[in-house]
Structure formats: C-alpha cells, structure tokens
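# Commentary on secondary and tertiary structure
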Amino acid sequence: MDEKLRKDELTTVKFTPPLYKQRYDFIKQLVSKHKPKKVADLGCADCRLLWMLKFCNCIEMLVGLDISEDVMKEKMHMLYPLPGDYLQPSERSLTVILHQGSVAQKDPCMLGFDMVTCIELIEHLEVKELEKFPEVVFGFMSPAMIIISTPNSEFNPLLPTVTLFRHPDHKFEWNRVQFQNWALNAAARYNYTVEFTGLGAPPHGKADVGFCTQIGVFVRKYLKNGEPETVEKYKEHVYKTIFKAVYPSLKDEKYLQTAVVNEVVRTSQTIARRLLDNRKSKCKKVCDGVETDPPFLKSCFLKDVEVPPLTKDDNSHMEPFINGQTVYMPLAKIFSIPKVKQLCGTFETLSKLITGEVALSNDGSAVLIDTGYENEELENE
C-alpha cells in the first residue's frame, strides 16, 4: 500500500508553466535586466529560444549554434522576418545567424558576445567535449555573461518515468554538489563570478532534493581587452553557416527613406483633406441659397494666393495654404509632426530623404498636393 501510494504521489509532479518555458522565461528576464546587444545560444536545437529572444528590442545580433544541422533546418523558418517587419521596420537593427558546429571548437565568429546561453546542453557532451567546453566558452568566447542550466539528478527519483537519465542522449546528470564544484572551478580559472539558482520547485515535503533544473549564472569580473589578438590567432572559421537573416531596420537608409516618405505623404494628405473640407464648408455657407455655377464655386473654394518663399525658421509660413489647384504643405509644418521628427531627427534629414520622392515647391520648402480631383467632384455635384 505504501509503495503504491508513493508511486501515485510521484505522478503528481507537474510544472506549470512547463519547465522548458520557465527556462526560457528566466533567460528573457536576464535579457530584460542586462540589455545585451549580442546573444548566442549554444545547443539551440529547435531555435525556440532564439525565436523568443528576437522580440527583445535590445538585441541586435542573435546567433544559434548546434551540432545538428538537420534539427535547425527543420525550425529555422520561424526566424525569418515577417511581412509586418517590412511594413513597419524596427528602429533597431537585428541579424539572426545559425551555425552548425561543436561547442568544443573555437571559431572567431563567436567572439564579442554580451551573453551566451547553454540551456540543457552540457549533459549531452562527451567526456572530451566537456573537458574542452570551459576553455572554449569561458576562455575563448569570454562573453560578459554565461547562463548554464542542467538537470539536477537529485530530483530524478521524483520523476516516475526516469530510470537512469532523463533523456537517452544524456551522457551524465550531476547532483548539486557536482555541478557547483565544476562551475566554481571554471569561474575561478577564467575570472568569473557565479551564482546558483534553479527552476522547477520540488513538491511539498521534498525540498531537500532541490530544483528540478539547476542553473549557474556566470558574470565576467572585468572587461576583456585581448580580442584583437584572439581574432588574429584564430582566423580560420570552423563553423558552417546555414542561416542568416537581416531584419529591416530604420538604421538602414533604404527603409528609413520609405518610412519617412510614407509618413510625409500620409500626413500631408490628411492635413490637405482637412483644409479642403474646411474651405468647402465655408464656401457652402457663403453660397447658401444662391444659385451659382461651378466656376463661381470653384473660385470660392480654391482661392488664389501669392506663393511666399518658405523657410524652416519662418514661423509665419508654418501653416499650409491653397494656391490654384495645389495645396502647399510647408516642410516646417511636416517636421513639427512628432512621428516625422522622431524618424528624421533633423530638418535637413527630412529634406534629404523626401527630395526626388515627393512633389516639392521650386525652393524645396513645401510638399505639393494636387487637388484637381476635388474640383472635378465639385463640378459633378
């Protein structure tokens, strides 16, 4: 009876959310806190963590490394930019790259990272690979932060389906003392500090076994200045690049120009539409009860005015006006729109990006909106 009860209790060990999601959320929290620009995931496998991290606005370079090319190729499609990324490019730049290779090999493409994650990786390494791992990751790559998670073997008796190891490909599974000794030795040798934590709390009354997943967070003690020498020594690239995606970014002038032109045209047409509606309303009030032919209404609606020269510093010429069949939209007015100013930064940039892309006045100080279609509508009324 006691044995049956014990087994029934074991089947109740369940993690909500699932443990793999908790691990990914743990990484996302560290990213949110430390704002790394370059992040690498070693043993990226199905690329799920990379997919989650690509939405973190601080990251500009995202690299995955795995020994299995086939596994990455099955899932790498989800790392491509979506149509929405092109319609609304981000202000940041983002490049996502996948490499096929071993964590026991040194490749200069893995230098200069702010954060390296190794989620449930080390237990898959052969003895010789595990021996080389600290030198490659801590010594050679030497990122500012390293996060390593691995199963805690002390928790295994609480998992009814586990006999020896949790996965058939695991070469070992450490208890807390074994992992902490290994981690402290690596940290001391390569000048890192390390803090231990975990995920997957044990059930009530079993706290002595610790977390299901044990984690070491390593932080480099000082900035490393030896990268140029390291690059010079290891020029040969041993990893195979199987995927690369460069996301649309407003830092790229091509995408910035498209975004600015679209916003200028949209803003100009919106303001012109309001101006024309206002003029039309005024003309109807003046002509109310009076039989008028279309030419009279046209002259009332589109009043001719002298076109003054416009400059960004002349506040008296900030407002749009109508001349003939054209609405003049001063660039100074357009630049005062918050989104336009945010995109361009300076008035000069605005002028440069839209020149040749939209119709401008002779002196380049105003966007021209043709209102000929408005007159046709009036004549047809």
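Our subject in this report is the structure included herewith. (Residues numbered from 1 in each chain as written. Predicted model: local features only at pLDDT ≥ 70, side-chain atom pairs only at ≥ 80, totals over all residues. Heavy atoms only, no water.)

Across its full length, the protein carries 14 helices and 11 strands. For the protein, the residues scored as buried account for 45% of the 381 residues in total. In the protein, the proportion of contacts linking residues at least 24 apart, taken out of those at least 6 apart, comes to 72%. (Helix = DSSP H or I, 4+ residues; strand = E, 2+ residues; numbered from the N terminus. Buried < 20%, exposed > 50% of the residue type's maximum accessible area, 1.4 Å probe, protein only. Contact = heavy atoms within 4.5 Å.)

Once that is clear, we can look at helix H13 (residues 347–354). Among all positions in H13, only Phe347, Leu350, Leu353 and Ile354 are buried. Along the axis of H13, the buried positions cluster into a sector of 135°, meaning they face one direction only. The positive-phi residue at the C-terminal boundary of H13 is Gly356, with phi of around 85°. (Arc of directions from axis to C-beta.)

What follows is about the sheet that holds strand E3 (residues 95–100). In spatial order, the strands read E6-E7-E5-E4-E1-E2-E3-E8; together these eight strands make up an open sheet with mixed pairing. Two strands lie at the open edges of the sheet, namely strand E6 (192–199) and strand E8 (240–246), each paired on one side alone. Recorded for the sheet is a direction-independent mean angle of 15° between the axes of neighbouring strands. Bridge count for strand E1 (residues 38–42) against strand E4 (residues 115–119) is three bridges, and the pairing is parallel. In the sheet register, Asp41 faces E4, and the bridge partner there is Thr117. Strands E4, strand E5 (145–151), E6 and strand E7 (213–220) of the sheet are contacted by helix H2 (residues 19–34), whose axis makes an angle of about 165° with E5. Its contacts with the sheet place helix H7 (residues 176–189) against E5, E6 and E7, and it is angled at close to 155° to E6. (Pairing = 2+ DSSP bridges. Axes fitted to C-alpha atoms, helices over the stretch in contact; angles between N-to-C directions.)

Turning our attention to the packing of aromatic side chains. One pass over the structure, following the stated rule, counts 16 aromatic pairs. When the ring of Phe138 is compared with that of Tyr190, the centres are 6.2 Å apart and the planes differ by 20°; the resulting orientation is stacked. Taken together, the positions of Phe138 in helix H6 (residues 127–141) and Tyr190 in the loop between H7 and E6 put the pair 52 residues apart, joining distant regions of the chain. No difference in accessibility class separates Phe138 from Tyr190, as the two residues are buried. Between Trp174 and Trp182, the aromatic rings sit 5.6 Å apart at their centres with planes inclined by 45°, giving tilted as the arrangement. (Phe/Tyr/Trp six-rings, centres within 6.5 Å; stacked < 30°, edge-to-face > 60°.)

This paragraph deals with the environment of Pro108. As for its position among the elements, Pro108 is in the loop between E3 and E4. As a C-alpha pair, Pro108 and His237 span 129 residues in sequence and 6.7 Å in three-dimensional space.

In the structure shown here, the tally under the stated rule is 13 salt bridges. Where Glu69 meets Lys73, a salt bridge forms, and the shortest distance between an N and an O atom there is 2.7 Å. With a gap of four residues between them, Glu69 and Lys73 both fall in helix H4 (residues 69–75), about one helical turn apart. Where Lys171 meets Asp169, a salt bridge forms, and the shortest distance between an N and an O atom there is 3.1 Å. Residue class for Lys171 comes out partly exposed when judged on its relative accessible area of 31%. Residue classification places Asp169 among the partly exposed positions, given a relative accessible area of 35%. Within the structure, one salt-bridge network assembled from shared partners comprises Glu69, Lys73 and Lys240. (Salt bridge = Lys/Arg side-chain N within 4 Å of Asp/Glu carboxyl O.)

Here the focus is the nonpolar core. Within soluble globular proteins, side chains that are nonpolar generally end up buried alongside one another. In this structure, Leu53, Ile59, Leu98 and Ile147 are the most contacted members of the largest nonpolar core, which totals 42 residues. Where this core is concerned, the elements lending two or more residues are H2, helix H3 (48–53), E3, E4, E5, E7 and E8. In terms of residues, this core owes the most to one element, H2, which gives six residues. Residues contacting Leu53, with those up to four places away along its chain left out, are Ile27, Lys28, Val31, Val39, Ile59 and Leu62. The next biggest cluster of nonpolar side chains, apart from the first, holds 35 residues, and it includes Leu65, Ile148, Ala183 and Phe218. (Core = buried A, V, L, I, M, F, W, Y, C linked by side-chain atoms within 4.5 Å.)

Before going further, it helps to spend a moment on the layout of surface pockets. Taken as a whole, the largest pocket encloses approximately 770 Å³ of empty space. Together, 31 residues line the largest pocket, and Gly43, Ala45, Ile119, Glu120 and His124 are the ones closest to its centre. At the level of secondary structure, the elements contributing two or more residues to the lining of the largest pocket comprise H2, E1, H3 and strand E2 (61–66). The element that contributes the greatest number of residues to the lining of the largest pocket is H2, accounting for three residues. Broken down by class, the residue content of the lining of the largest pocket amounts to 14 nonpolar, seven polar and 10 charged. In this structure, the second largest pocket spans a volume of roughly 340 Å³. Taken together, 15 residues line the second largest pocket, and the ones lying closest to its centre are Leu87, Gln88, Pro89, Ala259 and Lys339. (1 Å grid on protein atoms, 1.4 Å probe; cavity = no way out; pocket = protein on both sides within 12 Å on 5 of 7 lines; lining within 4 Å. Points joined across faces, edges and corners; volume = space filled by probe spheres on them. Nonpolar A, V, L, I, M, F, W, Y, C, P; charged D, E, K, R; others polar.)

Attention now moves to the sheet that holds strand E11 (residues 366–370). An order of E9-E10-E11 is seen for the three strands of this open sheet, with the pairing classed as antiparallel. Looking along the sheet, the strands with just one partner apiece sit at the ends: strand E9 (321–323) and E11. Averaged over all pairs of adjacent strands, the angle between strand axes in this sheet comes to 30°, irrespective of strand direction. Where strand E10 (residues 326–330) meets E11, five bridges bridge the pair, whose relative direction is antiparallel. By the bridge assignment for E11, Tyr328 is matched with Leu368.

Attention shifts here to the side chain of Thr213. Residue position: Thr213 is located in strand E7. Once residues lying within four places of it in the same chain are set aside, the contact partners of Thr213 are Leu19, Arg23, Glu120, Ser149, Thr150, Thr197, Gly198 and Leu199.

Everything listed here is a matter of coordinates, which is why it stays silent on function.
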